[in-house]
Amino acid sequence: MTNRGSNFYDHNDVFSQYTSLRERPENANDTLEKPVMMDLLGDVRGKAILDLGCGGAQFGVDLLQEGCSFYHGIDGSKNMIDLAKQQIKHESITLERVDLEEWNPPVAQYDLVVSRLVFHYLEDLHTIFDRIHTALKPGGTIIFSVEHPVITSTLQPAGLRTSWVVDDYFSMGYRTQQWLGGSVEKYHRTLEEYFQLLQGSSFTVESLKESSPRREFFLSDETFERRKRIPLFLFLKATKKDVASNC
Ligand SMILES: C[S@@+](CC[C@H](N)C(=O)[O-])C[C@H]1O[C@@H](n2cnc3c(N)ncnc32)[C@H](O)[C@@H]1O
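Now for a quick tour of the structure. (Residues numbered from 1 in each chain as written. Predicted model: local features only at pLDDT ≥ 70, side-chain atom pairs only at ≥ 80, totals over all residues. Heavy atoms only, no water.)

## Section: the overall build of the protein chain
Counting secondary structure elements, the protein chain contains eight helices and 10 strands. Whereas a compact globule of 247 residues would reach a radius of gyration of roughly 18 Å, the protein chain reaches 18 Å, a difference of no more than 12%. Projected onto its principal axes, the C-alpha positions of the protein chain cover 50 × 45 × 40 Å. Classification of the 247 residues of the protein chain by burial places 53% in the buried group. In the protein chain, of all internal contacts separated by at least 6 residues, the share reaching a separation of at least 24 is 67%. Charged side chains of the protein chain number 27 positive and 35 negative; the gap between the two group centres comes to 2 Å. (Helix = DSSP H or I, 4+ residues; strand = E, 2+ residues; numbered from the N terminus. Rg over C-alpha atoms; globule rule 2.2 N^0.38 Å. Buried < 20%, exposed > 50% of the residue type's maximum accessible area, 1.4 Å probe, protein only. Contact = heavy atoms within 4.5 Å. Lys, Arg positive; Asp, Glu negative; His and termini not counted. Charge placed at Lys NZ, Arg CZ, Asp CG, Glu CD.)

Okay, here's the thing in structure tokens:
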């Protein structure tokens, strides 16, 4: 059976494979994704932060260590939220199980909204970006990572690959991947589409990055060289435009 969004992570076999993958040395999240996210974040001291699709919320711990004033993590997966609640006890963290499709944003509550490797599960990103716009304070920022469109357009089974076939790049929509012993749907959209969606929801794009590998984050030359072959992740950082300035 194919799964969408957080349902996938609520299969216990998938969930345990996912947590093992994240603990592997030289995993792509720690070597490629996290370094760029941390660069894009800048100074978080005193900021109220919302993390959409927070998973086990380890990022919340990192952000509080960096001095953020408040962290709110939401995720649709019971397994993920249970894990986050077991691991993290802190007075400035709140964790909530909510599907992003059902999420009702508070008005002007956060300085920063982050989301790591979640938006490629969502079909209606335009509505989510509008809700993020509502939830941000004036001048607030959104920073997110997704699987790179080159990857969501290929979606071969996971494993050590030697070639990639990018096809139907401009046909956007759900594609099925066999991953972590299960079957999951990921929504392919082009790089241009991510950019346009942000602009259409009244954000000004500040930065775009593609997980270019940096030697200092790898243990071996072999993995470093392999990671130079294809971009795994795409990152965008954008600032909330004052809607009045659109006129
Ligand atoms: C690859 S994991 C990333 C978790 C975390 N952001 C991290 O980087 O460690 C993707 C997460 O997105 C969540 N997710 C996917 N679709 C969702 C949806 N529609 N609503 C809420 N959460 C969703 C999943 O439950 C899962 O925790």
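More follows now that the structure is in view.
## Considering helix 5 (residues 125-135)
Residues of helix 5 that are buried include every one of Leu-125, Ile-128, Phe-129, Ile-132, His-133 and Ala-135, and no others. All buried residues of helix 5 project into a common sector of 165° when viewed along the axis, lining one side. The inward-facing, buried residues of helix 5 contact strand 2 (48-52), strand 5 (110-116), strand 6 (136-147), helix 7 (191-200), strand 9 (203-209) and strand 10 (233-240). (Arc of directions from axis to C-beta.)

## Things to note about helix 3 (residues 58-65)
An α-helical turn contains 3.6 residues, so any two residues separated by three or four positions project in the same direction. The set of residues buried in helix 3 consists of Phe-59, Gly-60, Asp-62, Leu-63 and Leu-64. A positive backbone phi angle near 105° is found at Gly-67, which sits one or two residues after helix 3.

## Here's the deal with a negative patch on the surface
A contiguous patch of negative charge, built from Asp-99, Glu-101, Glu-102, Glu-123, Asp-124 and Asp-130, is present on the exposed surface. Position of Asp-99 relative to the elements: it lies in the loop between strand 4 (93-97) and strand 5. (Patch = residues over 30% accessible without salt bridge, like charges linked within 9 Å, V, L, I, M, F, W, Y side chains within 5 Å. Areas by Shrake-Rupley, 256 points an atom, 1.4 Å probe, with all protein chains shown as cover. Salt bridge = Lys/Arg side-chain N within 4 Å of Asp/Glu carboxyl O.)

## Some details on the side chain of Asn-27
Along the chain, Asn-27 falls in the loop between helix 1 (12-23) and helix 2 (28-41). A polar side-chain atom of Asn-27 sits 3.1 Å from the main-chain amide nitrogen of Asn-29. Within polar-contact distance, the side chain of Asn-27 engages the backbone nitrogen of Asp-30 at 2.9 Å. In contact with Asn-27, not counting residues within four places along its chain, are Leu-21 and Arg-22. (Polar contact = N/O pair within 3.5 Å; in protein donor to acceptor, adjacent residues only side chain to side chain.)

## Digging into the site of the ligand
The environment of the ligand is formed by 21 residues, the closest being Gly-53, Asp-75, Leu-100, Glu-101 and Arg-116. Here Glu-101 contributes a side-chain N or O atom positioned 2.8 Å from a nitrogen atom of the ligand. Taken by itself the ligand offers 590 Å² of open surface, and the protein chains cover 94% of this. Looking at the shell around the ligand residue by residue, the classes come out as 10 nonpolar, six polar and five charged. (Near = heavy atom within 4 Å. Nonpolar A, V, L, I, M, F, W, Y, C, P; charged D, E, K, R; others polar.)

## Quick word on the packing of helix 2 against helix 3
Between helix 2 and helix 3, the shortest axis-to-axis distance is 13 Å and the interhelical angle comes to 40°. Judged by the inter-axis angle, helix 2 sits oblique to helix 3. The hand of the helix 2/helix 3 crossing is right-handed. Between helix 2 and helix 3, the contacting residues are Lys-34, Met-37, Met-38 and Leu-41 on the first element and Phe-59, Asp-62 and Leu-63 on the second. A per-class count over the contact of helix 2 with helix 3 returns five nonpolar, no polar and two charged. (Axes fitted to C-alpha atoms, helices over the stretch in contact; angles between N-to-C directions. Parallel < 35°, antiparallel > 145°, perpendicular 65-115°, else oblique. Left-handed = near helix turned anticlockwise from the far one by under 90°.)

## Quick word on the packing of aromatic side chains
The geometry of two aromatic rings is summed up by the distance between their centres and the angle between their planes. Taken as a whole, this structure holds 11 aromatic pairs when the rule is applied. For the ring pair Phe-129 and Phe-144, a centre distance of 5.6 Å and an interplane angle of 40° mean the geometry is tilted. With Phe-129 in helix 5 and Phe-144 in strand 6, the pair connects residues that are 15 residues apart, well separated along the chain. Each member of the pair, Phe-129 together with Phe-144, is buried. Pairwise contacts between aromatic rings join Phe-8, Tyr-9, Tyr-18, Tyr-121 and Trp-179 into one cluster. (Phe/Tyr/Trp six-rings, centres within 6.5 Å; stacked < 30°, edge-to-face > 60°.)

## Some remarks on the sheet that holds strand 6
Strand order across the open sheet formed by seven strands is 4-3-2-5-6-10-9, with mixed pairing between neighbours. Two strands bound the open sheet, and with one partner strand each, they are strand 4 and strand 9. Here the strands of the sheet are splayed against their neighbours by 15° on average, with no regard to which way each runs. Bridge count for strand 2 against strand 3 (residues 70-75) is five bridges, and the pairing is parallel. From the neighbouring strand, Ile-49 faces strand 3, where its bridge partner is Tyr-71. Sitting on the sheet, helix 2 touches strand 5, strand 6, strand 9 and strand 10, and the angle it makes with strand 10 is about 20°. (Pairing = 2+ DSSP bridges.)

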